[in-house]
Amino acid sequence: MEAYCRQNAVAHENGVPVRVAVVGAGAIGAYVGAALHRAGVEVHLVARGAHLEAIRREGVRVLSPRGDFTARPPATDDPREIGPVDHVFLGLKANAYASCGPILAPLTTEHTAVIAAQNGIPWWYFHRLPGPYEGYRIETVDPGGAVTATIPPERAIGCVVYAATEIAAPGVIRHLEGTRFSIGEPDGTVSGRCRAFSEAMIAGGLKCPVEPDLRKDIWIKLMGNIAFNPISALSRATMLEMCRHRDTRDLVITMMRETLDVAERLGCRPEISIGRRLAGAERTGHHKTSTLQDLEKGKPLELDVILAAVVELADLTGTRVPTLRAINAVAGLTNEKITAAARSAVPA
């Protein structure tokens, strides 16, 4: 603990943000919030339900191969109790971004940065990206510009999460693997606000490199998500089961290859092999993807930004993606049924 305090003192002298709010303090958000709080950063969690009540009673308990610990940051379901902050770490699923304006409004000023820790293709992908598609709005990610209206791209800091966590019980986060949270500006600059947030995360014991080209990280992470997330929902399989089933492994490889073809058409060449990406996925063991966890809870699946968006980009660039298109059709139907069931379960 003493080491974290020393790191944090140095970081504050270099401009670590004074106040951070974590909106959507679930598996990833609560883990980040606990790490920041352990470092001495003023952090506030926005959560709800039994998870919120457990955090209020006993704090956030983190179970990790790196060492268990408990942090007790303040937590609420009303962002008005927090007020404006320097940084918002957004732990919500991407399909909730368009409707999160009322939550963000009390937390933000014109100077507040929003660190969007989402899977898949972000709504800001073509913001200030030189080339033929600069400014293009991806309809499957930002339908009608609703996300852009809620979180203007110039306010966003991208974040690619390489940590695997899950909620073991209300208020209890099991950290399985990884501590890296790569961040970056959409325009590729290494900004002061990125450096400040990076220093705060590092003070909390996490890795948080500021990447001038975060889009490479986006595609590296997406290589796995685009295959494992929908297949896990359709098969109810864990990461290890998908990697070790021969035919499913071949399907994953095909989907990864098609994804890399789309990335290359957009001028991005991720510096990682398919074999290495598979090995990394297999190391997570019998971990359930976030999509499978949502399926088991009857929640809508976060597949538009992960799968449908890449199919849209394939159409935009003229790239053949027959396997992605087929999986997208079946997963899309599955998601429609789940969404319809969830709506019918809500009392009138």
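Please read these numbers as outputs of a predicted model, since none were measured by experiment.

1. Observations regarding unusual backbone geometry
The phi dihedral of Arg128 falls on the positive side, at around 55°, and the residue is not glycine. With respect to the helices, strands and loops of the structure, Arg128 is situated in the loop between strand S7 (113–116) and helix H5 (146–150). Given the relative accessible area of 48%, Arg128 is considered partly exposed. The phi angle at Arg236 is positive, at roughly 60°, despite the residue not being glycine. Position of Arg236 among the secondary structure elements: in the loop between helix H7 (214–235) and helix H8 (239–244). Take Arg236: its relative accessible area is 51%, and that puts it in the exposed class.

2. A look at the pairing of strand S2 (residues 42–46)
As a general feature of sheets, a regular strand has side chains that alternate between the two faces. For S2, a buried count of four out of five residues is recorded, marking the element as mostly surrounded by other parts of the structure. Summarising the sheet, strand S1 (residues 19–23) and S2 pair through five bridges and their orientation is parallel. Along S2, the bridge assignment pairs Val20 with Val43. With helix H2 (residues 27–38) bridging S1 and its parallel neighbour S2, the resulting β-α-β unit is right-handed. The pairing of S2 with strand S5 (residues 75–76) spans two bridges and is classified as parallel. The partner of Leu45 across the bridge, within S5, is Ala75.

3. Comments concerning the sheet that holds S7
Hydrogen bonds between backbone groups are what pair the strands of a sheet, and the pairing can be parallel or antiparallel. Pairing within the open sheet is mixed, and its seven strands lie in the order S5-S2-S1-S6-S7-S8-S11. For this open sheet the edge positions go to S5 and strand S11 (181–184), each flanked by a neighbour on one side alone. Bridge count for S7 against strand S8 (residues 156–161) is three bridges, and the pairing is parallel. Across the sheet, Val114 pairs through a bridge with Ala156, a residue of S8. Across the sheet, H2 is in contact with S1, S2, strand S6 (87–90), S8 and S11; its angle to S2 comes to roughly 160°. Against the sheet, helix H6 (residues 192–203) makes contact with S1, S6, S7, S8 and S11, and its axis sits at roughly 165° relative to S11, the strand it touches most.

4. Examining the environment of His175
With respect to the helices, strands and loops of the structure, His175 is situated in strand S10 (residues 172–177). Relative accessible area serves as the criterion here: at 3%, His175 is assigned to the buried category. Here the alpha-carbon distance between His175 and Val62, two residues 113 residues apart in the chain, equals 6.9 Å. Those residues in contact with His175, other than ones at most four positions away along the chain, are Tyr31, Val62, Leu63, Ser64, Pro65, Arg66, Ala164 and Thr165. Of the polar contacts made by the side chain of His175, one reaches the side chain of Ser64; its length is 2.8 Å.

5. Let's talk about the sheet that holds S10
Pairing is mixed in the open sheet, where four strands are placed in the order S4-S3-S10-S9. Only two strands of the sheet have a single neighbouring strand rather than two, namely strand S4 (69–71) and strand S9 (164–169). Recorded for the sheet is a direction-independent mean angle of 25° between the axes of neighbouring strands. Across five bridges, S9 lies against S10 in antiparallel orientation. Residue pairing in the sheet places Ala169 in a bridge with Val172 of S10. Relative to strand S3 (residues 60–63), helix H3 (residues 49–58) is tilted by about 95°, and along the sheet it contacts S3, S4, S9 and S10.

6. Structural notes on the nonpolar core
Of all hydrophobic cores here, the largest spans 70 residues; its most connected members are Tyr97, Ile121, Trp123, Trp219 and Phe228. Here this core gets 11 residues from one element, more than from any other, and that element is H7.

7. Points about helix H10 (residues 274–283)
Considered for burial, the residues of H10 that qualify are Ile274, Arg277, Leu278, Gly280 and Ala281. Across the axial projection of H10, the buried residues extend over an arc of 160°, all falling on one side. Summarising the geometry of H10, the exposed residues directed more than 90 degrees from the buried face are Arg276 and Arg283. Buried residues belonging to H10 abut S10, H7, H8 and helix H9 (246–265). Following H10 by one or two positions, Gly285 has its phi on the positive side, about 70°.

Thresholds applied
Residues numbered from 1 in each chain as written. Predicted model: local features only at pLDDT ≥ 70, side-chain atom pairs only at ≥ 80, totals over all residues. Heavy atoms only, no water. Helix = DSSP H or I, 4+ residues; strand = E, 2+ residues; numbered from the N terminus. Buried < 20%, exposed > 50% of the residue type's maximum accessible area, 1.4 Å probe, protein only. Pairing = 2+ DSSP bridges. Right-handed = clockwise from strand over helix to strand, strands pointing away. Contact = heavy atoms within 4.5 Å. Axes fitted to C-alpha atoms, helices over the stretch in contact; angles between N-to-C directions. Polar contact = N/O pair within 3.5 Å; in protein donor to acceptor, adjacent residues only side chain to side chain. Core = buried A, V, L, I, M, F, W, Y, C linked by side-chain atoms within 4.5 Å. Arc of directions from axis to C-beta.

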